[in-house]
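Summary of structural features
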Amino acid sequence: MKQIILAVATLVLLTACGKLNKENYQQIEVGMDYSEIESLLGNPAECDETLGMKQCVWGGDEKNISVKFVADKVTIYSQKGL
């Protein structure tokens with residue numbers, strides 16, 4: 001069972017990493033909805049929500065796209081290692 005869970009987790013990570021590229025990053029625009037970003041990049045690795053602001057990261061420490069949302073709209077975004 002552990003091997004199946006590990007295989008599924010690895011597949012999810014590899015799929016998400018495939019969407020972390022300059023082409024997808026360049027499609028992000030201020031004002032886009034969270035759902036549009038999720039469609040473009042997949043599910044985020046993590047999200048933190050504070051006082052109506054949400055910051056989500058797709059990827060890991062070495063390669064990622066970080067997006068800040070206010071009212072589920074993109075306000076600021078950045079990338080690392082793409």
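Before reading further, recall that the structure is shown in the block above.
A short tour of the structure in this document, coming up. A quick note: this is a predicted structure, and the numbers were derived from the prediction, not measured. (Residues numbered from 1 in each chain as written. Predicted model: local features only at pLDDT ≥ 70, side-chain atom pairs only at ≥ 80, totals over all residues. Heavy atoms only, no water.)

1. Brief notes about the overall build of the protein
Counting secondary structure elements, the protein contains three helices and four strands. The order of helices and strands in the protein, counted from the N terminus, is α-α-α-β-β-β-β. Within the protein, the fraction of its 82 residues that count as buried is 26%. Sequence-distant contacts, at least 24 apart, represent 33% of the contacts inside the protein between residues at least 6 apart. (Helix = DSSP H or I, 4+ residues; strand = E, 2+ residues; numbered from the N terminus. Buried < 20%, exposed > 50% of the residue type's maximum accessible area, 1.4 Å probe, protein only. Contact = heavy atoms within 4.5 Å.)

2. A short note on the pairing of strand β2 (residues 53-59)
Here strand β1 (residues 46-50) pairs with β2 via five bridges, running antiparallel. Pairing of Thr50 across the sheet is with Met53, part of β2. Bridge count for β2 against strand β3 (residues 64-70) is seven bridges, and the pairing is antiparallel. For Val57, the partnering residue across the bridge sits in β3 and is Ser66. What sits between the antiparallel neighbours β2 and β3 is a turn of four residues. (Pairing = 2+ DSSP bridges.)

3. Some remarks on the pattern of salt bridges
Pairing between side chains of opposite charge can happen when their charged atoms approach one another. Applying the stated criterion to the full structure yields two salt bridges. For Asp33, the salt bridge is made with Lys73, and the minimal N-O distance between the two is 2.4 Å. Taken together, the residues span a long stretch of sequence, with Asp33 in the loop between α2 (22-27) and α3 (34-41) and Lys73 in strand β4 (residues 73-80) at a distance of 40 residues. Given a relative accessible area of 36%, Lys73 falls into the partly exposed group. A salt bridge links Asp72 to Lys54; the nearest nitrogen and oxygen atoms lie 3.3 Å apart. With Asp72 in the loop between β3 and β4 and Lys54 in strand β2, the pair connects residues that are 18 residues apart, well separated along the chain. Relative accessible area serves as the criterion here: at 14%, Lys54 is assigned to the buried category. (Salt bridge = Lys/Arg side-chain N within 4 Å of Asp/Glu carboxyl O.)

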